[in-house]
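In case you want the letters, here they are:
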Amino acid sequence: ILVGDEPRILEAVSKDSSSPGLPPSITIEHEPLCIGMEEPPSAVFRSKKRCSLAMSARLVAEGRAQAFFSAGNSGACMAAALHHLRALEGVDRPAIATLLPNALGWMLLLDAGANVDCQQHNLIEFALMGHVYAKSVMGKAKPKVALVSNGDEKIKGNTLTKSVASILELLPINYIGNIEGNALYSGKADVVVCDGFVGNVILKTSEGAAEFVQNTLKREIMRDPFSRLAGLMLKPAFRRARRVADYAEVGGAPLLGVRGGAVVGHGRSEELAVLNGIRRAAEGVSHHLMEETEALMKSCATAQPRKIQAL
């Protein structure tokens, strides 16, 4: 279902001479009102209750859809999901989970920016939700879960991370301890847990570093004829490396912890990114992510409290 301004959608389709029009499997839900990137997320349930983003979340809440994807305002995406879908039982705050490449494949980073101020129970919930996603969707039999800190020793970290670490050791997940920033891309962990402030800094720093390396390589390759010749020979390898780090190959970041599928895409998403974002949403539904997460939350709430209280 395409949610948006129907005349503009049909106009865009008609401009493509190779397209016969929308196939019968695709319908349009007309809603011309939208939320801009600069608008506050609260507009979803205040001044723009009937915007296209809010309608997308309502379609899932009403059972007409099982998941929604948006490359719009990420804060508004989360607000719409929370307002219309509600959080799963046992989840205080949903988290944006971003897939990032590492030396052994992929890792899941959460939270990537939805919750900049977190308490102890929020990080514990992120670890549990990340464990379920890595196991169900990423196919990791025993996902390795790590907590971002300023050192891998147990004594390292601030008050929040040290208190969270002591509880994660008691939960039925493969918690491997702290992980430093320089080890994130080594493949040491499948799930990397942190608050949204740290997660967003990691994400934006990684994007900036990748762009810097790419631009530096281009500049050095074009410096002299011999370098240009070598660059021409290595072009296929560079293309493959660029594809590994391309956000379009991932498509979007799942919003974990809500009653229904929600995937937040990059604001610069084009065709490939949208396609993979929709695929990412479908994966969560087909692997029963919501049900698996809620089941683990319930089991931890009933099986672990005595251990945690004793601690």
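Refer to the structure presented above.
Our subject in this report is the structure included herewith. Residue indices follow the written sequence of each chain, beginning from 1 at its first position. Per-residue local features of the predicted model are confined to residues with pLDDT of at least 70, and side-chain atom pairs are confined, for both listing and counting, to 80 or more; whole-chain, interface and lining totals are unaffected and use all residues. Hydrogens and water molecules were not included; the side-chain quantities draw on all heavy atoms of the structure.

1. Here we look at the nonpolar core
Item 1. Counting residues in hydrophobic clusters, the biggest one holds 36 residues, and the most contacted among them are Phe-68, Ile-179 and Val-192.
Item 2. Here a helix means four or more residues in a row that DSSP labels H or I, a strand means two or more in a row labelled E, and each is numbered from the N terminus. At the level of secondary structure, the elements contributing two or more residues to this core comprise helix H2 (52-61), helix H3 (74-84), strand S6 (105-110), strand S7 (144-148), helix H6 (196-221), strand S10 (253-256) and strand S11 (261-264).
Item 3. Of the residues forming this core, the biggest block, six residues, is contributed by H3.
Item 4. Look past the residues within four positions of Val-192 in its chain and what remains in contact with it is Met-107, Leu-108, Leu-109, Leu-110, Ala-146, Val-148, Ile-179 and Leu-184.
Item 5. One finds Ala-95, Val-132, Val-250 and Cys-300 within the second-largest nonpolar core, a separate group that totals 35 residues. Side-chain atoms within 4.5 Å link the members of a nonpolar core, which is a set of buried Ala, Val, Leu, Ile, Met, Phe, Trp, Tyr and Cys residues. The rule is simple: take the accessible area with a 1.4 Å probe, protein chains only, and divide by the maximum for that residue type; under 20% is buried, over 50% is exposed, in between is partly exposed. The contact definition used throughout considers only heavy atoms, calling two residues in contact when any of these lie within 4.5 Å.

2. Concerning the pairing of strand S5 (residues 98-102)
Item 1. Within S5, five of the five residues are buried, which leaves it mostly tucked inside the rest of the structure.
Item 2. Every second residue of S5 is oriented toward a common face, with Thr-98, Leu-100 and Asn-102 on one face and Leu-99 and Pro-101 on the other, all of them buried.
Item 3. Think of it this way: DSSP has to see at least two bridges between two strands before they count as a pair. Bridge count for S5 against S6 is five bridges, and the pairing is antiparallel. Each bridged residue has a counterpart across the sheet, and for Leu-99 the counterpart in S6 is Leu-108.
Item 4. Linking S5 back to S6 in an antiparallel pair, the connection comprises two residues.

3. A look at the packing of helix H4 (residues 120-136) against helix H5 (residues 159-168)
Item 1. One way to put it is that H4 packs onto H5 with a least axis distance of 9 Å and a crossing angle of 50°. Taken together, the axes of H4 and H5 are oblique relative to one another. The interaxial crossing formed by H4 with H5 has right-handed handedness. Counted together, Gln-120, Leu-123, Ile-124 and Ala-127 of H4 and Leu-160, Ser-163, Val-164, Ile-167 and Leu-168 of H5 form the full contact between these two elements. The axes used here are C-alpha line fits, helices contributing only the stretch in contact, and every angle between their N-to-C directions lies in the interval 0 to 180 degrees. Comment on the angle field: the value is read as roughly parallel under 35 degrees, roughly antiparallel over 145, roughly perpendicular from 65 to 115, and oblique elsewhere. For a crossing to be left-handed, the near helix must be turned anticlockwise from the far one by less than a right angle; the clockwise case is right-handed.

4. Brief notes about the environment of Phe-238
Item 1. Relative to the helices and strands, Phe-238 resides in helix H8 (residues 235-244).
Item 2. Through-space distance from the C-alpha of Phe-238 to that of Leu-217 is 9.6 Å; in sequence the pair is 21 residues apart.

5. A look at a nonpolar patch on the surface
Item 1. A cluster of nonpolar residues, Phe-212, Val-213, Leu-217, Leu-229, Leu-232, Met-233, Leu-234 and Phe-238, forms a patch on the protein surface that exposes about 820 Å² of accessible area.
Item 2. When contributions to the nonpolar patch are tallied by element, the ones reaching two or more residues are H6 and helix H7 (225-233).
Item 3. One can find Met-233 in helix H7.
Item 4. Looking at Met-233, the relative accessible area reads 65%, which means it is exposed. Here the term patch refers to residues with relative accessible area over 30% and no salt bridge, with like charges joined within 9 Å and nonpolar side chains (Val, Leu, Ile, Met, Phe, Trp, Tyr) within 5 Å. The Shrake-Rupley method, run with a 1.4 Å probe sphere, supplies the accessible areas, and residue values consider only the shown protein chains as cover. Only one rule defines a salt bridge in this text: a Lys or Arg side-chain nitrogen within 4 Å of an Asp or Glu carboxyl oxygen.

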